[in-house]
Amino acid sequence: MTQTLARPADFFDQQYGMNTTSLQRVLDRTLSPQIDYADLYFQYEVSDAVSLEEGEVKQGSKQINQGVGIRALAGEKTGYAFSDEITVPSLEAAARTAREIAQSASQSASVAVQGAQAPAHDLYAVQVAGTDIPVQRKLDLLQQIDAFCRAYDPRITKVQTSFSSVHKLVLVATSEGKVVGDVQPLLRLNVTCIAEANGNRQNGSAGGGGRVSFETFIKAEQYLDLAREAARRAVLNLDAVDAPAGTMDVVLGSGWPGILLHEAIGHGLEGDFNRKGTSAFSGRIGERIASEACTVVDDGTIPWRRGSLNVDDEGTPTSRTVLVENGILCAYLQDRLNARLMGMAPTGNGRRQSYAHMPMPRMTNTFMLNGESTPEEIIGSVASGLYAVSFGGGQVDITNGKFVFSANEAYLIEDGKVTRPVKGASLIGNGPDVLTRINMVGNDFALDTGVGTCGKNGQAVPVGVGMPTIRMNAVTVGGTQ
Amino acid sequence: MTIEPQVVQDLLQTARTRGATGGDALLVDSTSFEAQVRLGDVETVQNSHQKRLGLRLFFGQRSATTSTSDFSSASLRQLLDDTCALAQAMADDEHAGLPEPDEVATTVPDLGLCDDSLQQLPPAERIAMARDAERAALDYDSRITNSEGGSYDSSQGDVTYVNSHGFIGHYRASLASLSVASIASDAGGMQSSSWFTAGRRMESLQAPEALGREAARRTLRQLGARRVPTQKVPVVFDATVAAGLLNHLFSAVSGSAVYRAASFLTDGIGQKIAPETVTVYDDGTLPGAPGSKPFDGEGLPTRRTTVVEQGVLRTYLLDTYTGRKLGMRSTGNAARSAGDAPSVSPTNFFMVPGTATPEEIIASVPNGLYVTGLIGFGVNPVTGDYSRGASGLWIEGGELTYAVEEITIAGNLRQMLADIEMIGNDLDRRRRVMAPTLKIREMTIAGS
């Protein structure tokens, strides 16, 4: 399977005969005078997963996912066809379907397809695909984690671990003649522990990984931290009390709590919603939406990160986009279609789950930059409130801006000190309003462990978030007490 | 490139010569169509054709699952090699294996799951349905100022399942849906809401105009939404969001959560978990229903299973593996996608409706919340702790008054089930997990 490390252009040529001539032929068939733009997205993805339960190997799986998506754009219209068969005749059939959107005559255009380019960045060059690592090595890793968690505390009664590897080759060919490919590795570890004591049963979980090689992942020993976190959280929650309900001051820890930014403002700044005028942030560029302490960035160019890409799924180089600078809203996240229709430049945020999905504006790694306070100063400043350090998932209503996200590790703050752990706490708020409530920003910036998956219109893509410790005034905490 | 069931049987046979003791394969061939219209203009049209072969092999009690969409003989050879190697790298799992031969379906009933007229409907007429639905929403009221569009989606799938017990079964199924997402605005801001209709047959779809008007009505009533103070009150879930509660109940009775002790209903069989008015079935045999199928992902016949009978939990829902883990037999709830091993999934999972109309239920509440929208993932399946973002309408003196938003409702699922006070007569049949309007005696609202 070392073929999977080949350059994407060579791979799709050798495997499926997708050379410059065939690409040109299909693009010619897709394009017509009424079509502004067309592109082809080829994917060959190998993925595998192994999992362990109760110290035993539960199952192994391996999948090959290959296919092509053909897109034709005419004004605001998109025609899209996809197939898992990569042959010139099936592509030509799909091209006819895609271009029907413009109801154009049968005349074709002529595209001069160039030789394949290397992507703009080289953020995650791995030498051996994760899917080529022998399954036994992954099982050994899971066994080690399983033993670690069980030894952590006698109250840990169940441990589930899983490890997945993805090795994805993509090739984008556009009607502008550009051909660009990328090889996208992705590893991911999950650990879940269940702790029991006196009839009380609680869970704790942790996960992480990135676009790294298996060797790098093992050497960094992040897996031991994740195992410890999962076990610690399960045991911690045995002592947790029910979360409070009502409005209070909230401190968010560094790293993964950056999901606040993803939900509260990130989605609302995606170009599609703003072109349609359906976002709570529509038409608000240049306005103050946060305190001066807040600068928020989306950056797809951080090496080895889960949310990073060398090029987006339309072949545009990824970039660093400042969304909020010192509290002022600066930019939207764009794909090609929405950028063109809004008269803006693409930002390298056109992403899709697979060839079976149309690209749309999506986040990459979204985070807030450091401020000046220490975490201790921030916690010490709160008389009574909540300190949330880890979250499950979140969701937002783009149009009215309301978002919610749920803590899986949180504590009460009493008299400036972190006291009892609480369970079942959600935070709810309003995107355009919540950042104005941030009045302290820490100096302990961290990115998450490589765990995020973002869902939008039924498409899941890997993302990252990050943040220093922050304090927010008067946020609604949705517990029961 | 197509593939014949015979090729799949040959693949299982070849696996036997390589030492496999058994196996099964799933072949799924599907087409889909999707059209979206926004502000009267076609925005996207999407067509697809996909086919995938999933292969699961057992070497004694070691197993692996693989899949591919490349049906060339070289690729199938590679798939077989990979599956054999992967399975042999696994450790023994004493519960792994195919179902017992006598459990496998002997007939494949026609449940009316496929409507060929959906395939024959010209694309222009499908687009017209999306356009008419959106138009009805936009025309409903001048405060409907924008739209996320109207969509028509349809798909058709051919499913073939083969196992080394000699079972070979095949069925076809279709599905169509029509939806509208409209946006209302006034000086107070924007609200968005959507409504959909779905079914396996054309005649089960709601008319586009009625659908659009309902989307608009639901959007408009959220205008002017405000927060309410933190308090404990009765909460009425409309049928759409009540289906979410049934989803949580399904997760809790799913064998995969139970054997991992990851369900708040672990060790719950025989316990009274809800009032006597509550009966819940899983029934994969309902003709034309969204979750029906003639056999499950392991070739077992689907059936009607009483999950909760007059408030008492009677059984978990199981596939072969989770059944063996718990010392029980499969309930025919194995779902299968080509790439994955079987997993427990609902067929048509529903609470038997009661006699009260939604209006009567609302009228019974002096002061409380009528929930029509929920966001977030604040549900812990292990403990039952529940806290989600909610929107809806405030009930005062038994009547709906103003819209509310930016609040959470919280409780514990175990308590919420025990606190089901009224069950509506309005079962929402659009999805495979279905509920009527439900009234919960008391939950905590966190707000201003």
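Residues numbered from 1 in each chain as written. Chains lettered and ligands numbered in written order. Predicted model: local features only at pLDDT ≥ 70, side-chain atom pairs only at ≥ 80, totals over all residues. Heavy atoms only, no water.

**Looking at the sheet that holds strand 10 (residues 312–313) of chain B**
All names here are of chain B. With respect to topology, 5 strands assemble into an open sheet ordered 10-9-8-13-18, the strand pairing being mixed. Pairing within the sheet leaves two strands with one partner each, and these edge strands are strand 10 and strand 18 (433–434). Note: strand 8 (residues 280–283) against strand 13 (residues 349–351), 3 bridges, orientation antiparallel. Paired with Y281 across the strands is F350, a residue of strand 13. Here helix 6 (residues 239–253) sits on the sheet in contact with strand 8, strand 9 (304–309), strand 10, strand 13 and strand 18, set at roughly 120 degrees to strand 13. (Pairing = 2+ DSSP bridges. Helix = DSSP H or I, 4+ residues; strand = E, 2+ residues; numbered from the N terminus. Contact = heavy atoms within 4.5 Å. Axes fitted to C-alpha atoms, helices over the stretch in contact; angles between N-to-C directions.)

**Some points on the domain arrangement of chain A**
Residue and element names in this part refer to chain A. For chain A, the domain assignment lists domain 1 (2–238) and domain 2 (242–478). With centres defined by C-alpha atoms, the gap from domain 1 to domain 2 works out at 24 Å. Tallying the contact residues gives 50 residues for domain 1 and 41 residues for domain 2. Contact between domain 1 and domain 2 buries roughly 3700 Å² in total, counting both sides, with carbon and sulfur atoms accounting for 51%. (Domains from an automatic or database assignment. Buried area = accessible area lost by both parts, 1.4 Å probe.)

**Digging into the layout of surface pockets**
All names here are of chain A. Roughly 420 Å³ of internal volume is contained in the second largest pocket. Taken together, 22 residues form the lining of the second largest pocket, with R7, P8, P119, D182 and V183 sitting closest to its centre. Counting residues per element, the ones that place at least two in the lining of the second largest pocket are helix 1 (8–16), strand 4 (156–174) and strand 5 (179–197). Here the lining of the second largest pocket gets 4 residues from one element, more than from any other, and that element is strand 5. Of the residues in the lining of the second largest pocket, the class split is 13 nonpolar, 6 polar and 3 charged. (1 Å grid on protein atoms, 1.4 Å probe; cavity = no way out; pocket = protein on both sides within 12 Å on 5 of 7 lines; lining within 4 Å. Points joined across faces, edges and corners; volume = space filled by probe spheres on them. Nonpolar A, V, L, I, M, F, W, Y, C, P; charged D, E, K, R; others polar.)

**So, the nonpolar core**
Across soluble globular proteins, nonpolar side chains have a tendency to be buried as a group. Grouped together as the largest cluster of nonpolar side chains are 60 residues, with contacts concentrated most on F12(A), L40(A), F42(A), I70(A), L91(A) and Y152(B). Looking at this core, the element that brings in the most residues is helix 4 (residues 123–138) of chain B, giving 6 residues. Once residues lying within four places of it in the same chain are set aside, the contact partners of F42(A) are F12(A), M18(A), L23(A), G67(A), V68(A), I86(A), L91(A), L169(A), V170(A) and L171(A). Membership of the second largest hydrophobic core comes to 53 residues, among which are V191(A), V212(A), F217(A) and Y223(A). (Core = buried A, V, L, I, M, F, W, Y, C linked by side-chain atoms within 4.5 Å. Buried < 20%, exposed > 50% of the residue type's maximum accessible area, 1.4 Å probe, protein only.)

**What to know about the packing of aromatic side chains**
Across all of its chains, the model carries 21 aromatic pairs over all chains by this definition. Every member of this aromatic cluster is reached through a ring pair, and the members are F11(A), F12(A), Y16(A), F42(A) and Y44(A). The ring of F33(B) is capped by R126(B), whose NZ or CZ atom sits 4.6 Å from the centre of that ring. The cationic tip of R226(B) hangs over the ring face of Y402(B); the distance from NZ or CZ to the ring centre is 3.6 Å. (Phe/Tyr/Trp six-rings, centres within 6.5 Å; stacked < 30°, edge-to-face > 60°. Lys NZ or Arg CZ within 6 Å of the ring centre and 35° of its normal.)

**Let's talk about the packing of helix 4 of chain B against helix 5 (residues 208–220) of chain B**
All names here are of chain B. One way to put it is that helix 4 packs onto helix 5 with a least axis distance of 7 Å and a crossing angle of 40 degrees. By the angle class used here, helix 4 and helix 5 are oblique. With respect to the hand of their crossing, helix 4 and helix 5 are arranged in right-handed fashion. Within the contact between the two elements, helix 4 uses M129, D132, A133, A136 and A137 and helix 5 uses P208, E209, L211, G212, R213 and A216. Of the residues contributing to the contact of helix 4 with helix 5, the split by class is 7 nonpolar, 1 polar and 3 charged. (Parallel < 35°, antiparallel > 145°, perpendicular 65-115°, else oblique. Left-handed = near helix turned anticlockwise from the far one by under 90°.)

**Let's talk about helix 6 of chain B**
Residues and elements named next belong to chain B. Its 15 residues place the ends of helix 6 21 Å apart at the C-alpha level, agreeing with the 21 Å of an ideal helix rising 1.5 Å per residue. By the burial criterion, the buried members of helix 6 are A239, V241, A242, A243, L245, L246, H248, L249, F250, A252 and V253. You can read the cap of helix 6 off the contacts: a side-chain oxygen lies 3.0 Å from the backbone nitrogen of T240, and it is on D238. (Expected span 1.5 Å × (residues − 1). Polar contact = N/O pair within 3.5 Å; in protein donor to acceptor, adjacent residues only side chain to side chain.)

**Here's the deal with the interface of chain B and chain A**
In many reports, interface size means the accessible area that the parts give up when they come together. Listed by partner, the interface residues are 72 residues for chain B and 69 residues for chain A. For the pair chain B and chain A, the summed buried area comes to about 5700 Å², and 48% of that belongs to carbon and sulfur atoms. When the buried area of chain B at its contact with chain A is split by residue, M190(B), I375(B) and E406(B) rank highest and sum to 10% of it. Taken together, the connections running from chain B to chain A amount to 10 salt bridges. With a closest N to O distance of 2.5 Å, R260(B) and E53(A) form a salt bridge. When its residues are assigned to classes, the side of chain B that touches chain A shows 22 nonpolar, 32 polar and 18 charged. Here 4 bridges tie strand 2 (residues 56–74) of chain A to strand 3 (residues 62–68) of chain B, and the two strands are oriented parallel to one another. (Salt bridge = Lys/Arg side-chain N within 4 Å of Asp/Glu carboxyl O.)

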